[in-house]
Structure formats: C-alpha cells, structure tokens
Amino acid sequence: MEAFEILHARRLERWRQTPRRRMSGPDEARTLIAQLGLVTLYPVSPEIPNLFSAFVGNPDTKTDSNWDSPSGEVYTWRWTLGRAEAAFYTALVRKRPTWITWELLPAALRLFGDLRTPDELVDMRVISQDAYRVARALEEAGGALATGALRAASGFPTGKEQRAAYLKAVEELDTRLLLAKVFPPDGAGEDMAHALVATRFPQHVAAAERLSRADALDQLLSAYLPSAVYVLPIVLAKHLKLPEDELRDGLERLRERGQVEAGELAGQKGACYVWRDVAESSSESA
C-alpha cells in the first residue's frame, strides 16, 4: 500500500483541489458534481469533496463572509446550479449544504433519509408537531413554497422566537431528507423554496424503497471511492452519520470483490481502505 501522503495528493488531484486542476466556474462545478456524486458547497469534511476548495485550488484556503471573494462567488452558484437542476441540493454532510447527483439520490435517500410519511413519523414521535406542521403545509400546497409563504402556511408568524422554532422544524425535516430545496427560474426572484421530496421526486423515492441498505451503500461507495482514493472509516462514518460497522461491512464487500485493499495508513487510526486503480495509478506516476 502506498504512503498516505501519496494517496492524499492523488485525492486532491481528483477532487481538483490543486492549483493545476482548479475549476474556473459553475460550468466546471456542474461537471465535477456529476463525476464525484456527493459534493459539499464549502469545506466541511476532509473526507468529502467541496466546490470552494476546487475553485481556489487549495484545500487549506479558508472561507470568509465577503461577497466579493471566492467564498461569495461560490455562494451564488447555489442558484446557478439549482436552477439548472444540476443535482439534488440538501443539508447532508455535517448538516451543511450538499449536492447529490440524481443517479445517487435513491441510494442517499435509503441510507440517510426517512422513507416513512410525515403522518407515520409524527405518530411515532420521530418528528415534532412543529415539523409536522411544516410538512402538512407543503402537502396541502402540493408543490414548493418560498420561506415566507411556508412560514405563514405552517403557522409560524413573524418574530425572533417563531423564526427559531420554524428553522428548527425545517432542520428536523432536512436532516431526514424529507425536504427538497427548490430554486426559482431566472427572473422569478432569489427566494429559495422548499418542497417535500416525496411530492417533488416520487420516482427517486420509489427507487430508494426498492433498494436494500447494503445495495445503497455499495452504490455510494462505488461512486465515492474512485475519486476519494482511500477511506478513513472512522471519520467518514462520523461525518455522514452512518454506523461505522455498516460502513466497514460495505468496504469489506468491495474488498472481497477485489475493488479495494485494506491496511494501515501511517498516522491514521484503524484499518483503512484504498481503491484499487492500478492502470490509472501507473499513468499518474509516470
């Protein structure tokens, strides 16, 4: 197994987080999302690629709150990519903005979402009454509602306390991938809206219901590993809120198929897994 530093350098190249391979704008961002499958907007985990680091070409560059900066420019890509329906936009990795390709969405819904209805979830006390009110408002609307309209429809009037309650309710639904963030078309304003995933993307929900968790995890890892190069199971499981034992079981299935090799990486805890990519590895080191 190659040294960790060599594997990490190869990962940064494939994630375009180097000066030589940095992206120039949202068109290349769309291509990168399609290639990688799961990408955050900003750097929130060293185990998940992000658009900001690929734009600046350096994983160590810090974000800031200025509009006239790379951080501000990447922020505007939410609308550019969202309006183009480049991928599914949600809060997944460490509850931060994340893009998931449409092909990978059923697997993500199966692994990280909740396929039960809001009625079932509130009856089982999995979600709060506040979250249920938000879900019901969207069900009754039959489509997407912008923030102001959704707050009013779900009974959260203006005021700091009510706003906090509303945001908490939305987060409950977001973290279960029950909500889809929807972007208005050009000329229709900048107010991002919400819709229920089951209403907006029923075909993806149906596909998720047909998947076992093992099959969904195999799909996720097969999309993730060719560019990630290696997996640090302890960190990846934590940041995805995926049971570590389940993640290791999936990696073991790939090892049995000869797609990854397991071993120790210097400075890293526990057994790690490296993607077997002999042909490309040879060409890159040539």
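Computed from a predicted model, the values in this text were never measured in an experiment. (Residues numbered from 1 in each chain as written. Predicted model: local features only at pLDDT ≥ 70, side-chain atom pairs only at ≥ 80, totals over all residues. Heavy atoms only, no water.)

## Focus: the environment of Val 235
Alright, step 1. Here Val 235 lies in helix H13 (residues 233-240).
Alright, step 2. For Val 235, a relative accessible area of 27% corresponds to the partly exposed category.
Alright, step 3. Separated by 34 residues in the primary sequence, Val 235 and Lys 269 have C-alpha atoms spaced 9.5 Å apart. (Helix = DSSP H or I, 4+ residues; strand = E, 2+ residues; numbered from the N terminus. Buried < 20%, exposed > 50% of the residue type's maximum accessible area, 1.4 Å probe, protein only.)

## Concerning the nonpolar core
Alright, step 1. Leu 51, Phe 112, Leu 225 and Leu 240 are the most contacted members of the largest nonpolar core, which has 61 residues in total.
Alright, step 2. If we skip the residues at most four places from it in the chain, Leu 225 touches Tyr 230, Val 231, Leu 251, Leu 254, Val 260 and Trp 275.
Alright, step 3. Residues Tyr 132, Leu 138, Phe 156 and Ala 169 belong to the second largest nonpolar core, which totals 19 residues. (Core = buried A, V, L, I, M, F, W, Y, C linked by side-chain atoms within 4.5 Å. Contact = heavy atoms within 4.5 Å.)

## Section: the sheet that holds strand S5 (residues 179-182)
Alright, step 1. An order of S4-S6-S5 is seen for the 3 strands of this open sheet, with the pairing classed as antiparallel. Since the sheet does not close on itself, it has two edges, and those belong to strand S4 (145-146) and S5, each with one partner.
Alright, step 2. Pairing between S5 and strand S6 (residues 193-196): 4 bridges, direction antiparallel. Following the sheet pairing, Ala 180 is matched in S6 by Ala 195.
Alright, step 3. Here helix H7 (residues 129-141) sits on the sheet and contacts S4, S5 and S6; the angle it forms with S6, its principal contact strand, is near 85°. (Pairing = 2+ DSSP bridges. Axes fitted to C-alpha atoms, helices over the stretch in contact; angles between N-to-C directions.)

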